[in-house]
Each structure stands twice: as structure tokens, then as C-alpha cells.
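Inside the fold
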Amino acid sequence: MKNITATLHNPFGFEAPCEPFVPGYGDANADFHVIGDNPRVHGGSESGIPFTGTAAGERLQRALVAGGLLSEAGTPPTVEKTYLSYLFMCGDRDPTAEDYADHEPLLDTEIRAITSHVLFPVGERATRHVFANMTPERADAVDMEALHATEVRGSGWLVYPIKEPADWTDGDEDALVAALTALLATDYRQEAELGRFLPNDDVWRVR
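Overview of the structure. All figures in this text were calculated on a predicted structure; none of them were measured in a lab.

1. Some words on the pairing of strand E5 (residues 82-86)
- In terms of burial, E5 is a largely internal element, five of the five residues being buried.
- Burial along E5 is two-sided: the residues Thr-82, Leu-84 and Tyr-86 and Tyr-83 and Ser-85 are all buried.
- Note: strand E1 (residues 25-26) against E5, two bridges, orientation antiparallel. Note that in E5 the partner of Tyr-25 across the bridge is Leu-84.
- Bridge analysis of strand E2 (residues 32-36) against E5 gives five bridges, and the strand direction is parallel. When the bridges of E5 are listed, Phe-32 appears paired with Thr-82.

See the structure below:
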């Protein structure tokens, strides 16, 4: 049996009839899941790894390093407890609404298989998707300026929307780093106590 947790690149073995194909990358047991738009927006067409090869992707990586979500930026970045993926994983075209719909089951499989504690949608489209599917928030009322680097309570997840990195000011980057630093200093895990105990009296908690 294949241990997907030992595979950083495309741990779920997704395939798509396109080239380049940029599947998810990172820790399949991640606490943090960063969700971008597509390779043409956020990079990865050359490397096959999300958020690489573009100024926007590299700037986001630097902020994630400064905030403690990545150990080191690069191609590939050094990840631990963080997973990176896209709404649409093909880099051969600008996606249509039908393209996004075709890939939605892949992303949702990742989100629910990883069961991270915090989702970081990057950009308006990713934020709308997460709001519509993982929170009670209205997906048609997304103000990225107001939402950037703020906490939204989801249905089993904390959600921190991230403004499009290509549009960041220095203040936007600083706000994200500060929010990540503050988050890591809290008990961010979304767990429920079942009231059962393990033999050593540890509390049994589940997602």
C-alpha cells in the first residue's frame, strides 16, 4: 500500500488531460492548506509546483516563510504541515467556468482528505469557492481588501482569505505575516472532544 504522506508532489495521484499539469504539493497531513487559482495566475507551469516561477507566487512564498507556514521558499519550497494547491490545475489555457467545475471534485477531495485546520484561499475566485463550500459566508459578497489576512470561521475550518499577491502593497504583506504569526501562537486546531479517553488519559479528539 502506498503511503501518500511520504509523497509531497501530487500525493493523491491526480491526472488530467493537459500539459502542463500542476497538482497539489506539500504535506498530506497538513494543518494549513493554501488554495490558489491556476498556474497561469499563480505559477508552476515550468516546475509543476504551485506558487513557483512568478513574482506573485514567490512573494506569497516569502510571506508564508516569514509567517511560519513554510520553512524555506524555493522551487520547490520546504514544507511542513502546509499544502499548496489550485482550483484549476492545468496551465495550458485560461480556464472557463466549465474548466473550474470539472476540477472542483479534485480540489474538494484534497480539502477533505487532508483535513487541515486552516484554509488560505488566495485571490477572489478561490475565496468565493471556499466561502460557498466550507463556510456559511455569502460567496457573492467578497471584499478582498476588507477580508485580507482576517479570520473567518468556517464549517470545521478557520479561513484566512489572502488578497491577490500581485496587487499587494507592503502593508498587505506585513498584515499577512502578522496574522500568520498571531495564528501560530494560538490553538488553531478545529477539533471536538468525544468524551472518550485513551489508556494514558489523553483526551480523544477528532476533526
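2. Topic: the pairing of E2
- Of all five residues in E2, five are buried; the element is thus mostly enclosed.
- A two-sided burial pattern is seen for E2, the buried positions comprising Phe-32, Val-34 and Gly-36 on one face and His-33 and Ile-35 on the other.

3. Some thoughts on the pattern of salt bridges
- For the structure on display, the rule yields eleven salt bridges.
- With a closest N to O distance of 2.6 Å, Arg-128 and Glu-124 form a salt bridge. Highlighted residues: Arg-128 and Glu-124, both in helix H4 (residues 124-134), separated by four residues, approximately one helical turn.
- Note on Arg-128: relative accessible area 28%, which makes it partly exposed.

4. Quick word on the nonpolar core
- Counting 28 residues, the largest nonpolar core has Val-34, Leu-60, Leu-64, Val-118, Phe-120, Leu-176 and Leu-183 as the members making the most contacts within it.
- If you list the elements that add at least two residues to this core, you get E2, helix H2 (55-67), E5, strand E6 (118-121) and helix H6 (170-184).
- Top element by residues in this core is H6. It accounts for five residues.
- Look past the residues within four positions of Leu-64 in its chain and what remains in contact with it is Val-34, Leu-69, Leu-70, Leu-84 and Leu-180.
- Ile-35, Met-89, Ile-111 and Ala-126 belong to the second largest nonpolar core, which has 24 residues in total.

5. Quick notes on H4
- Of all the positions in H4, only Ala-126, Thr-127, His-129, Val-130, Phe-131 and Met-134 are classed as buried.
- Here the buried face of H4 lies against E2, helix H3 (97-114), E6, helix H5 (144-147), strand E7 (152-153) and strand E8 (158-159).

What counts as what
- Residues numbered from 1 in each chain as written.
- Predicted model: local features only at pLDDT ≥ 70, side-chain atom pairs only at ≥ 80, totals over all residues.
- Heavy atoms only, no water.
- Buried < 20%, exposed > 50% of the residue type's maximum accessible area, 1.4 Å probe, protein only.
- Helix = DSSP H or I, 4+ residues; strand = E, 2+ residues; numbered from the N terminus.
- Pairing = 2+ DSSP bridges.
- Salt bridge = Lys/Arg side-chain N within 4 Å of Asp/Glu carboxyl O.
- Core = buried A, V, L, I, M, F, W, Y, C linked by side-chain atoms within 4.5 Å.
- Contact = heavy atoms within 4.5 Å.

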